[in-house]
Amino acid sequence: SAAAGAAFIAAMSRRPVFASDDHGRSPAFELAYRQLLGESEPLDDSSVTLDLPDIPENGNTVPFRIEVASPMTPDQYIKTAYLLSTRNPQPLVGVFHFSQNSGRAAVAGRMRLARSQDVIALAERSDGKFVVAVRQVEVTIGGCGN
C-alpha cells in the first residue's frame, strides 16, 4: 500500500550511527531496525559491550559476546538484547530475554555473517530506552551468502 511504502521510505531516511558506511545497510536491516526502535534513537554509551573478532577466520562461525553493564533489580534491568547484522539475508540474528532475576545481562554464541558488515547489539532497558554497540567485521571467507 502507499502508506506502507511511505513508512518504509521514512524509516530509510533515519540512519543510526554505525561504525562505517563502507559496507552499506540492506533494506531488510533498515526495516528490522526501525521495527525494533520505532521513532526512538538508541543511546550510544559504554554500558553495552559487543565482542567480535575484527577479522574472523571463517564467516560461517563468528563468535560473539554481548554484555550490558546494568543493575538487575526490579526497578532497573535489561529486558532484551538484540543482535543484528546490516548485510545478512536475515538481519535479526538473535533475540535474548532477561529479567531482574537473571543476575546479569550477558550472552555468548556463534553467528554466520554473509560478508563484511556492521554488527549491532541493541539492549532494551526496563524503562523502554535502548542502548547500542556497533562493531565492523571484515569477513574474508565463508559466510551465508558467499
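Because the structure is predicted, anything quoted here is derived from the model rather than measured.

1. Brief notes about the sheet that holds strand β2 (residues 62-68)
Across the sheet, which stays open at both edges, the three strands sit in the order β1-β2-β5 with antiparallel pairing between neighbours. One side of each edge strand has no neighbouring strand; the edge strands of this open sheet are β1 (48-51) and β5 (105-111). For this sheet, the mean inter-axis angle between neighbouring strands, taken without regard to orientation, is 10°.

2. Details of the pairing of β2
The two faces of β2 differ: Val62, Phe64, Ile66 and Val68 on one face are buried, but Pro63, Arg65 and Glu67 on the other face are not. As paired strands, β1 and β2 are joined by four bridges and run antiparallel to one another. By the bridge assignment for β2, Asp51 is matched with Arg65.

3. Here's the deal with the sheet that holds strand β6 (residues 117-125)
Across a sheet, paired strands are connected by hydrogen bonds in the backbone, their directions being either parallel or antiparallel. Pairing within the open sheet is antiparallel, and its four strands lie in the order β4-β3-β6-β7. The open sheet has two free edges, formed respectively by β4 (92-97) and β7 (130-137), since each of these has just one partner strand. Adjacent strand axes in the sheet meet at a mean angle of 15° when their direction is disregarded. In the packing of helix α2 (residues 27-37) onto the sheet, contacts are made with β3 (78-85), β6 and β7, and the angle to β3 comes to roughly 170°.

4. Some details on the environment of Thr140
The topology assignment puts Thr140 in the segment after β7. The sequence separation of Thr140 and Ala114 amounts to 26 residues, and the corresponding C-alpha distance is 9.9 Å. Dropping the residues within four chain positions of it, Thr140 is found in contact with Ile55 and Pro56.

Conventions used here
All residue numbers here refer to positions counted from 1 along the written sequence of the relevant chain. In view of the model being predicted, local features appear only for residues whose pLDDT reaches at least 70, and side-chain atom pairs are presented and counted only at 80 or more, with totals across whole chains, interfaces and linings using the full set of residues. The side-chain quantities take in all heavy atoms of the structure and omit both hydrogens and water. A pair of strands is considered paired only if DSSP assigns at least 2 bridges between the two. The helix count covers DSSP runs of H or I at least four residues long, the strand count covers runs of E at least two residues long, and both are numbered beginning at the N terminus. Between the N-to-C directions of two axes lies an angle of 0 to 180 degrees, each axis being a line fitted to C-alpha atoms and, for a helix, fitted only over the stretch in contact. Exposure is judged per residue with a 1.4 Å probe applied to protein chains only, and the accessible area is read against the type maximum: over 50% gives exposed, under 20% gives buried, and values in between give partly exposed. Two residues qualify as a contact provided that any one of their heavy atoms is within 4.5 Å of a heavy atom in the partner residue.

Remember, this is a structural readout, not a statement about activity or role.
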